[in-house]
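The primary structure of each chain is shown beneath.
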Amino acid sequence: MVIKTDLCSFSEWRIYPGHGRRFVAKDGRLFYYLNQKSRAFSARKIKSQEIQWTVAWRRLNKKIKTDEGAKKRRIRNLKVQRAIVGISLEEIRRRRKEDEKTRKAQAEQAAREIKDRKQKQIEISKSQKKGVTTTQKAAQKAETKAAQKAAAKGAGKPKGKK
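Residues numbered from 1 in each chain as written. Predicted model: local features only at pLDDT ≥ 70, side-chain atom pairs only at ≥ 80, totals over all residues. Heavy atoms only, no water.

Student: Describe the overall build of the protein, listing the residues and the values that go with them.
Tutor: For the protein, the count of helices and strands is four helices and four strands. Per-residue burial over the protein gives 10% buried out of 162 residues. A sequence separation of at least 24 residues applies to 26% of the contacts in the protein between residues at least 6 apart. Approximately 15900 Å² of the protein is accessible, and the part contributed by carbon and sulfur atoms is 53%. (Helix = DSSP H or I, 4+ residues; strand = E, 2+ residues; numbered from the N terminus. Buried < 20%, exposed > 50% of the residue type's maximum accessible area, 1.4 Å probe, protein only. Contact = heavy atoms within 4.5 Å. Areas by Shrake-Rupley, 256 points an atom, 1.4 Å probe, with all protein chains shown as cover.)

See the structure below:
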């Protein structure tokens, strides 16, 4: 059978059932006192660390062993590497191992490839413009003149009864 005990708010001794008093402060806090002596000291606002028979004084003056091993151990966060949408985990690790020289060389090579592609596109567009100017312009003019003549012939006098 387990007996429910409380701790005295001043002396920190155990209060067994049928002993002690409860005091409710104006702000609603509950205080449990073992006897009148601890209640009187608390009412006079005397610190329990100054009174030798209290547990607080014994703890302060190292008469009682405190639980040093009960300190919370901090859990270290482990760094977890995950793959990004465009790159696999192996690719990320490989890129981390690379030194700066190889990275610069790869960046320059990629820049050269992009410049070459742009240059090719410019040359293609220039060649297309030259081809259009000579042969295709003349053909387009002939087509438009023929279309205008046909429109002029059909736009004469309206056909039908007078």
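On we go.
Student: Just give me the short version of the nonpolar core, but keep the residues and values in it.
Tutor: Counting residues in hydrophobic clusters, the biggest one holds six residues: Cys8, Phe10, Ile15, Tyr33, Phe41 and Ile51. Not counting residues within four places of it along the chain, the set of residues in contact with Ile15 comprises Thr5, Asp6, Leu7, Cys8, Gly20, Tyr32, Tyr33 and Leu34. (Core = buried A, V, L, I, M, F, W, Y, C linked by side-chain atoms within 4.5 Å.)

Student: Before we move on, can you summarise the pattern of salt bridges with the specific residues and values?
Tutor: Enumeration according to the criterion identifies seven salt bridges in this entry. Notably, a salt bridge pairs Glu98 with Arg94, separated by 2.6 Å at the nearest N-O pair. The buried category is assigned to Glu98, whose relative accessible area is 16%. Connected via shared salt-bridge partners are Glu91, Arg94, Arg95 and Glu98. (Salt bridge = Lys/Arg side-chain N within 4 Å of Asp/Glu carboxyl O.)

Student: Requested: an account of the confidence of the model for the protein, with residues and values cited.
Tutor: Within the protein, residue pLDDT values average 86, and 89% of them lie at 70 or more. Per-element confidence in the protein ranges from a low mean pLDDT of 83 for helix 4 (residues 100-154) to a high of 97 for strand 4 (residues 30-33). (pLDDT = per-residue confidence, 0-100.)

Student: Can you lay out the pairing of strand 3 (residues 21-24) for me, pointing to particular residues and giving the numbers?
Tutor: As paired strands, strand 3 and strand 4 are joined by four bridges and run antiparallel to one another. Bridging across to strand 4, Val24 finds its partner in Leu30. Linking strand 3 to strand 4, which pair antiparallel, is a turn of five residues; within it Gly28 sits at a positive phi near 95°. (Pairing = 2+ DSSP bridges.)

Student: An account of a positive patch on the surface is needed here, citing residue identities and associated values.
Tutor: A contiguous patch of positive charge, built from Lys137, Lys141, Lys145, Lys149 and Lys153, is present on the exposed surface. Along the chain, Lys145 falls in helix 4. Given a relative accessible area of 57%, Lys145 falls into the exposed group. (Patch = residues over 30% accessible without salt bridge, like charges linked within 9 Å, V, L, I, M, F, W, Y side chains within 5 Å. Lys, Arg positive; Asp, Glu negative; His and termini not counted. Charge placed at Lys NZ, Arg CZ, Asp CG, Glu CD.)

Student: Help me get a handle on the packing of aromatic side chains, residues and values and all.
Tutor: This structure, assessed with the given rule, holds six aromatic pairs. Relative to Phe41, the ring of Phe10 has its centre 5.7 Å away and its plane inclined at 10°; by these criteria the two rings are stacked. Placement of Phe10 in the loop between strand 1 (6-7) and strand 2 (14-15) and of Phe41 in helix 1 (residues 36-43) is noted, with a sequence separation of 31 residues between them. There is no split in this pair, since Phe10 and Phe41 are both buried. Geometrically, the ring pair formed by Phe31 and Tyr33 is stacked, given 6.3 Å between the ring centres and 10° between the ring planes. Connected via pairs of aromatic rings, a cluster forms that spans Phe10, Trp13, Phe41 and Trp53. Lys37 extends its terminal NZ or CZ atom over the ring of Trp53, reaching a point 4.2 Å from the ring centre. (Phe/Tyr/Trp six-rings, centres within 6.5 Å; stacked < 30°, edge-to-face > 60°. Lys NZ or Arg CZ within 6 Å of the ring centre and 35° of its normal.)

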